[in-house]
Each structure stands twice: as structure tokens, then as C-alpha cells.
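Residue-level structural notes
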Amino acid sequence: PVAWVRGGRGLFYPPDAERVGVCWEGLAVVSVGEAAAACRAADKLLRSGAFGLVVVDLMGARGRPPQPLLGRLQRLAEVHESGLLFLTSSSSGEPSLSSLVSLRVEARWERAEARGLRAAAVVIKDKRRGPGASVAEDYDGPMGLR
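Residues numbered from 1 in each chain as written. Predicted model: local features only at pLDDT ≥ 70, side-chain atom pairs only at ≥ 80, totals over all residues. Heavy atoms only, no water.

So, on to the nonpolar core. Ranked by size, the top nonpolar core spans 21 residues in total, and within it Val5, Leu45, Leu46, Val54, Val56, Leu58 and Leu73 carry the most contacts. Of all the elements in the fold, those that place two or more residues in this core are strand S1 (2–6), helix H2 (35–48), strand S3 (53–57) and helix H3 (67–79). With seven residues, H2 is the single largest residue contributor to this core. Residue contacts for Val54: discarding those within four places in its chain leaves Ala3, Val5, Ala42, Leu45, Leu46, Gly83, Leu84 and Leu85. (Core = buried A, V, L, I, M, F, W, Y, C linked by side-chain atoms within 4.5 Å. Buried < 20%, exposed > 50% of the residue type's maximum accessible area, 1.4 Å probe, protein only. Helix = DSSP H or I, 4+ residues; strand = E, 2+ residues; numbered from the N terminus. Contact = heavy atoms within 4.5 Å.)

Next up, the structure:
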């Protein structure tokens, strides 16, 4: 099962998630307003040991999570063999959420040819393999984005 913790206003767009294979029967969604509250919710979810992945969506969240709380989340994820993913809106030139982050990837949309879009992901930090890897995939964008 996967848990999605939203630290800002609104939620992700469900049809997009469904299109890439997210199973709604196994998805827990928690919505709070601040980054620290999102991390405290993730703490409880990881502590339960019931989730294989906890996504902490901090896009638009107020504040930054305290470093000790991030360290505790890292240890809980390791103990319960869970994945812990943070989504933030910081650019590659800004500092990372924490020095504890082992993999940092910047995602961006680029124009591909006249009518398409390219989703690109570039590894900025990877404690195991080093930075620099990238992947890109082309899509036909919605009418408003062409």
C-alpha cells in the first residue's frame, strides 16, 4: 500500500495517477497545511509499518520540516523497509531539503517538436551512483499546452 501526504492546498489530479497504474484501493491520502504537519503524519504512517511507500508532497506547503524530524523519518523508512519520497518545488540551484536526502531528481517539462512535450528528469544528487543521469520521454500535450 501507498500513502500520499499532501502538505499544501489541493491534491494531485487523480486521473493522471490512475493512468500510470495507481491502485485506488491501496492508496491512503492525508491532507494537512504545513510541511512539519505533513512530516508528522508521515511519521505515524511509517511507524505503522503498513506502507511500502510514503509520498510527502510539500509543493506549496508552508514552512520547512525540522531536520530532527527528517532524520526520524529516514530511520523509520529503513526499519520498516519502506520508500520515502518528498516532492518539493525547489530548483536545482537551491539547497536540498536535507543532507539526508540520498537521491534528488529535478523534473521538468520541455517543448518537443511543434506539438509535443518532453518530460525530463535529471539526477542532481545520488549518494550511490553520483549525479548526472537523466531520462526523458515524449508526450502529446493537452490542447492548452501545445
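Moving on, there is more to tell.
Okay, the pattern of salt bridges next. Per the stated rule, a full pass over the model turns up eight salt bridges. The partner of Asp126 in a salt bridge is Arg129, and the shortest N-O contact between them spans 3.8 Å. Salt bridges linked by common partners bring Asp43, Arg47 and Arg72 together as one network. (Salt bridge = Lys/Arg side-chain N within 4 Å of Asp/Glu carboxyl O.)

This part is about the confidence of the model for the protein chain. Low-confidence regions, as indicated by low pLDDT, have predicted coordinates that should not be scrutinised in detail. Confidence along the protein chain averages 84 in pLDDT terms, with 91% of residues attaining 70 or more. Looking over the protein chain, one finds the lowest element-wise mean pLDDT in helix H1 (residues 14–19), namely 72, and the highest in H2, namely 95. (pLDDT = per-residue confidence, 0-100.)

Glancing now at H2. For an α-helix the count is 3.6 residues per turn, leaving residues at separations of three or four pointing the same way. When the terminal C-alpha atoms of H2 are compared, their 20 Å separation across 14 residues agrees well with the 20 Å that a helix rising 1.5 Å per residue should span. With ten of 14 residues buried, H2 lies mostly within the body of the structure. Where H2 is concerned, the buried positions are Ala35, Ala36, Ala37, Ala38, Cys39, Ala41, Ala42, Asp43, Leu45 and Leu46. On the buried face of H2, the contacting elements are S1, strand S2 (27–31), S3, H3 and strand S4 (83–87). Backbone geometry just after H2 places Gly49 at a positive phi near 75 degrees. (Expected span 1.5 Å × (residues − 1).)

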